Amino acid sequence: MKSRMLPPLVLTVWIVGLSCAVALAQCPISAPRLTTNPNFDVVVTRVAPVLSFKNATGGQGKRVYEIQLARDKAFAVGRLDYTLPENPEGVSALAISEQKPLADGTRWYWRVRATDEKGAHGPWAVSRFSVDTASDKAFMDLTRAVPVSVKVSSGSDPKNLIDYTDQGLSTQWRAAPPGPDRAWVELDLGRRRTISRIWMLADSGSRDGWPVAFRWLASPDGVAWKEVVKVTDGDTYRFILDVDGVSARFWRLEISDWTGYAPGINELLLYSPGHPPVPSPPSGPYVLVIGNQHNGATFTELAARVHEMVPELATVTVPYYEASMALYEALAKKPVAILLSGNNADYNDLPMFEYNGEFEIIRAAPVPILGICAGHQMLSFASGYTRVRSMGHSDISAMEKPDRYAEIRTLVDDPLFKGLPQPFTAPEVHGWAVYDLPPGFEVVAESTYIQAVRGRDGRLYGTQFHPEIKVSYNQAENVLRRFLRDALSRSQPR
Ligand SMILES: NC(=O)CC[C@H](N)C(=O)O
């Protein structure tokens with residue numbers, strides 16, 4: 001057999017790495033990673049959030065974390081200091097106490113570093129978030145104004161800017177290098193629309209291509225332009241720009257400064273004030289299905305499974321960004337139950353304000369609600385961002401070999417889970433999980449993390465696993481079947 005030579009640098013790195021792992025002593029302490037929740041610049045909707053981060057590595061013995069929060073970059077204004085022992089499971093979390101809450105309506109900088117048993121420090125990891133508890137209370141009162149076409153100054157794939165079916169929001173338009181002085185994007189809305197909010201998303205994973213100085217202009221004809229809003233010192237990957245309702249068919253973004261070699265934008269989304277149309281319900285009993293995918297779809301074939309499991313039930317599917325209590329109230333006939341679907345985006349890349357109407361429904365709709373995967377996570381998000389967090393890895397058992405299925409255990413006697421094997425297996429497709437239950441909720445099932453919850457007198461149920469996915473090892477299909485049957489029989493007069 002021919003031996004393969006490793007280049008000397010690779011070999012050295014490998015040997016140092018190995019001796020570091022074996023002796024433990026020589027490993028330098030790494031910075032923790034503040035990408036779990038809250039991620040950079042997200043809006044946290046509670047004053048006592050849980051700050052989760054990925055552990056550091058290296059050092060000697062057990063690590064503890066120093067965590068500092070402040071109102072300014074220099075960590076001088078209003079600084080709060082905490083120490084936290086490491087959670088050996090990979091992600092550590094500081095729960096800010098309800099007794100010492102963070103100031104609302106403010107931006108917070110936070111930094112974390114690990115210290116080992118010998119007192120050696122690792123480097124700080126720095127990030128920031130804002131706290132705004134008012135921001136998720138009510139339906140956004142906006143509808144999406146979807147462009148019919150897009151033009152750009154240069155570069156390929158401008159369609160990515162308005163491709164709302166790109167669930168991971170991962171594709172982007174990048175202007176061509178070296179690029180014109182002023183890269184621009186033009187959106188044609190097809191007709192005159194009043195716009196009051198603009199959402200812009202760049203790459204959250206790197207600081208490359210972020211727009212720094214830019215302005216939006218509007219035009220009735222694509223010829224005469226008027227400036228609507230201007231940003232001169234952007235230093236983030238996402239912008240929510242509120243403007244005083246301007247009515248125009250053409251919308252133009254001019255970017256005059258950016259990070260990296262050329263501006264790159266993943267998505268542009270414009271909103272008009274107002275409410276979406278109310279669907280007309282079918283004549284018989286039906287389930288309202290809320291599609292949580294970014295394009296309003298349900299991720300799995302949820303409606304089809306409802307019809308298969310309980311043929312007496314019809315379904316009406318509404319995109320999450322159109323759902324609200326106003327829509328529910330306006331339905332000529334009420335659903336017997338509501339299902340909240342999965343999705344496959346990272347929440348830090350989503351315009352989370354679009355979920356506010358779904359949160360209203362979770363808080364107030366007087367019918368049984370079952371949230372599946374993202375829908376289950378929404379039950380917790382509805383009472384504050386940071387209750388759900390990225391696990392740092394994905395559990396995708398729907399595609400793995402039988403020995404990789406998680407065993408899920410039921411913790412309490414619950415009518416929906418009656419008769420399930422203990423433990424049971426069920427398909428999973430997710431990278432986030434609920435860690436911090438809202439008040440009034442309890443855990444119904446768990447694996448190494450929360451797998452099912454119920455809340456508020458049995459009206460709300462959530463499952464992290466997918467009872468609706470048809471695979472041979474899904475032992476939890478009955479959870480959905482029972483939920484639907486119970487809802488149907490409760491709705492019918494005896
Ligand atoms: N399948 C899902 O609904 C996943 C929800 C969420 N996007 C996660 O990764 O956890």
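One numbering rule holds for all chains: residues counted from 1, following each sequence as written. Thresholds applied to this predicted model are a pLDDT of at least 70 for local features of residues and 80 or more for the giving and counting of side-chain atom pairs; totals over whole chains, interfaces and linings are not thresholded and use all residues. Values reported for side chains reflect all heavy atoms of the structure, with hydrogen atoms and water molecules removed beforehand.

### Focus: the sheet that holds strand S20 (residues 337–340)
Pairing between strands requires that DSSP locate at least two bridges from one strand to the other. Starting at the N terminus, helices and strands are each numbered in turn, a helix being any DSSP run of H or I of at least four residues and a strand any DSSP run of E of at least two. Strand order in this open sheet of 8 strands is S19-S18-S20-S21-S27-S26-S25-S23, and the pairing throughout is mixed. Lying at the two open borders of the sheet, with one neighbouring strand each, are strand S19 (314–319) and strand S23 (409–410). Bridge analysis of S20 against strand S21 (residues 369–372) gives 3 bridges, and the strand direction is parallel. From the neighbouring strand, Leu-340 faces S21, where its bridge partner is Gly-371. Residue contacts are defined here by distance: any two heavy atoms, one from each residue, within 4.5 Å place the two residues in contact. Here an axis means a line fitted to C-alpha atoms, over the contact stretch when the element is a helix, while the angle between two N-to-C directions is reported on a 0 to 180 degree scale. Relative to S19, helix H2 (residues 302–309) is tilted by about 165°, and along the sheet it contacts strand S18 (286–291), S19, S20 and S21. Sheet strands in contact with helix H6 (residues 477–491) are S18, S20, S21 and strand S27 (460–463), and its direction is about 150° off that of S20.

### Some points on the site of the ligand
In this text, near means that some heavy atom of the residue lies within 4 Å of the molecule or strand in question. Residues in close proximity to the ligand total 14 residues, the closest being Asn-343, Cys-373, Ala-374, Val-429 and Trp-432. Within the contact set of the ligand, an oxygen atom lies 2.9 Å away from a backbone nitrogen or oxygen of Ala-374. Counting of polar contacts relies on pairs of N or O atoms within 3.5 Å, with two restrictions inside protein: one atom must be capable of donating a hydrogen and the other of accepting it, and residues adjacent in sequence are counted only when both atoms are side-chain atoms. Here an oxygen atom of the ligand sits 3.0 Å away from a polar atom, N or O, in the side chain of Gln-377. Expressed as a share of its isolated accessible area of 290 Å², the protein-covered part of the ligand is 95%. Elements with a minimum of two residues in the shell around the ligand: helix H5 (374–381) and strand S24 (430–434). Top contributing element to the shell around the ligand by residue count: S24, with 3 residues. Taken together, the residues of the shell around the ligand sort by class into 7 nonpolar, 7 polar and no charged. Method for areas: the Shrake-Rupley scheme with a 1.4 Å probe, in which residue coverage is limited to the protein chains shown. Basically, the charged four are Asp, Glu, Lys and Arg, the nonpolar ten are Ala, Val, Leu, Ile, Met, Phe, Trp, Tyr, Cys and Pro, and anything else, Gly included, counts as polar.

### Considerations on the sheet that holds strand S2 (residues 43–44)
Note on sheets: strands pair through backbone hydrogen bonds, and any given pair is parallel or antiparallel. Read from one edge to the other, the open sheet built from 5 strands follows the order S2-S8-S7-S4-S5, with strand pairing classed as mixed. Each of the sheet's edge strands pairs with one partner strand only, and the pair in question is S2 and strand S5 (80–85). Alignment of strand S4 (residues 64–70) against S5, held across 6 bridges, turns out to be antiparallel. The partner of Tyr-65 across the bridge, within S5, is Leu-84.

### Digging into the packing of aromatic side chains
Here is the rule: rings of Phe, Tyr and Trp (six-membered ring for Trp) pair when centre to centre is within 6.5 Å. Planes less than 30 degrees apart are stacked, more than 60 are edge-to-face, and the remainder are tilted. For the structure shown, the criterion picks out 17 aromatic pairs. Judged by centre distance (4.9 Å) and plane angle (70°), the rings of Phe-53 and Tyr-65 are edge-to-face. Of this pair, Phe-53 sits in strand S3 (residues 50–54) while Tyr-65 sits in strand S4, and the two are 12 residues apart along the sequence. Neither residue differs from the other here; Phe-53 and Tyr-65 are each classed as buried. Ring pairs connect the aromatic residues Tyr-320, Tyr-321, Tyr-355 and Phe-359, which therefore count as one cluster. Charge-over-ring placement is defined geometrically: NZ (Lys) or CZ (Arg) within 6 Å of the ring centre, and within 35 degrees of the ring normal. The ring of Phe-353 has Arg-197 sitting right over it, with the charged end atom 4.4 Å from the ring centre. Per-residue accessibility, obtained with a 1.4 Å probe over protein chains only, is compared with the maximum for each type, and a residue is labelled buried under 20%, exposed over 50%, and partly exposed between these values.

### Regarding the side chain of Thr-425
As for its placement among the helices and strands, Thr-425 is situated in the loop between S23 and S24. Under the relative-accessibility criterion, Thr-425 is labelled buried at 16%. A distance of 2.7 Å separates a polar side-chain atom of Thr-425 from the backbone oxygen of Tyr-473. Dropping the residues within four chain positions of it, Thr-425 is found in contact with Tyr-405, Ala-406, Tyr-473, Asn-474, Gln-475 and Ala-476.

### Focus: unusual backbone geometry
With an omega of 5°, the peptide bond between Asn-37 and Pro-38 qualifies as cis. Looking along the chain, the bond that leaves Gln-422 and enters Pro-423 is cis, with omega of -5°. Tracing the backbone through its elements, the reader meets Pro-423 in the loop between S23 and S24. Unusually for a residue other than glycine, Asp-141 sits at a positive phi of about 55°. Residue placement: Asp-141 occurs in the loop between strand S8 (125–131) and strand S9 (142–145). Here Asp-141 falls in the partly exposed class, since its relative accessible area comes to 39%. Its identity is not glycine, yet Asp-157 carries a phi of approximately 60°, on the positive side. Inspection of the secondary structure puts Asp-157 in the loop between strand S10 (149–152) and strand S11 (173–174). The class of Asp-157 is partly exposed, set by a relative accessible area of 45%.

As far as function goes, none of this settles anything; it's purely spatial.
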